[in-house]
Amino acid sequence: MSRASSASEPHRLRSIHHSPTSNKAIVYSREKKYVNNAAEVVNGVDSAPQSEIEFDTQTANVKDIGNCFIVTKDLMEDSQALADYINFRVQYGVKQRVESQLLNGDGTNANLSGLLVTGNYTPHGFDPDVNPEITNQVDLIGFAALAVKSVGLTPNVTIMNPVDYFKLRCLKDSNGRYLFSDPMAPSNRPIWDTYVVESSAMPKGKFLTLDTNMACMIYDRKETVVEFGYEDGNNFRKGLVTIKADRRLAFAIERPSGIVGGDLTVTKPKAEVSESDKGGQGGAG
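Since the structure is predicted, the reported quantities are computational estimates derived from the model, not experimental observations.

Calculation criteria
Residues numbered from 1 in each chain as written. Predicted model: local features only at pLDDT ≥ 70, side-chain atom pairs only at ≥ 80, totals over all residues. Heavy atoms only, no water. Buried < 20%, exposed > 50% of the residue type's maximum accessible area, 1.4 Å probe, protein only. Helix = DSSP H or I, 4+ residues; strand = E, 2+ residues; numbered from the N terminus. Arc of directions from axis to C-beta. Polar contact = N/O pair within 3.5 Å; in protein donor to acceptor, adjacent residues only side chain to side chain. Phe/Tyr/Trp six-rings, centres within 6.5 Å; stacked < 30°, edge-to-face > 60°.

## Section: helix H4 (residues 162–169)
- Taken together, the buried positions of H4 are occupied by Asp164, Tyr165 and Leu168. Along the long axis of H4, the arc covered by the buried residues comes to 100°, so they all point the same way. Turned more than 90 degrees off the buried face of H4, the exposed positions are Phe166 and Lys167.
- Near the N-terminus of H4, the side chain that reaches the backbone nitrogen of valine 163, with its oxygen 2.9 Å away, is that of asparagine 161.

Here you go:
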């Protein structure tokens, strides 16, 4: 069995920090509570104020994600361009699945525990009745970013479904002008100083704004690697080749307070019925 060179993982959530590991499981501390009571002190007179911090212990197991194609040996030998394409596709399939797991894995069996699992992120909980400043999805994302900043972190990424991001870019003011830049101009995707990551793995109508530097970590047990096998079942006798890619990783959510999001829907406050409306409802009398 020959081994191809390992490929880095350029999935759309690559901004999440990575750390190599040789372990099958990562035991880490998740921050549950933090109260910063730091204050000025006079040496020799004052005692340093005591802050509050609480952790619980979590375990992130290394999971395997794989993909394969079976093609003819002749194709591999006679069409180098097609062979390279298949090689790319088998890796890309793994990377897509990794992205889906980082968002939606439910933590059971062979699944990672993804960002959207209950307890791995902080639901924004914003109500336009309480926060009248929230009139559209842009405002909602801004308040989520503010919530991350409020715990001392720096939000740098907002994850959205491509459909939702497109609708967001279609928002216009009362004069019909786009709230964002000209749709014909290139976009660097900024929303409230965060970079928008479009992922089809993010469910429509959901979003997350997070600090990818401090809130979570990917532990790399093995990068995406492609292998070729001629002794897979009856491959040798039939002149077939199995092209297999696999990836091993664990995912740790260390600060759920640094991951804020949930429903992207903005429910506007119920308008109060004016006296003229009340009069109109009674009809002529």
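## Structural notes on unusual backbone geometry
- At tryptophan 192, a residue that is not glycine, the phi angle is positive and equals roughly 50°.
- Topologically, tryptophan 192 is positioned in the loop between strand E8 (190–191) and strand E9 (194–198).
- Its identity as a non-glycine residue notwithstanding, aspartate 193 has a phi of 65°, on the positive side.
- Its place among the elements puts aspartate 193 in the loop between E8 and E9.
- For aspartate 193, a relative accessible area of 68% gives the class exposed.

## Side note on the packing of aromatic side chains
- Enumeration over the complete set of coordinates arrives at two aromatic pairs.
- Ring centres of phenylalanine 88 and tyrosine 92 lie 5.7 Å apart, and the angle between their planes is 20°; this geometry places the pair in the stacked category. Taken together, the positions of phenylalanine 88 and tyrosine 92, both in helix H2 (residues 80–104) and four residues apart, correspond to about one turn of that helix.
- Residue class for phenylalanine 88 comes out partly exposed when judged on its relative accessible area of 45%.
- With a centroid separation of 5.4 Å and an interplanar angle of 70°, the aromatic rings of phenylalanine 126 and phenylalanine 143 are classed as edge-to-face. Highlighted residues: phenylalanine 126 in the loop between strand E6 (122–123) and helix H3 (137–150) and phenylalanine 143 in helix H3, separated in sequence by 17 residues.
- According to the relative accessible area criterion, phenylalanine 126 is partly exposed, its value standing at 22%.

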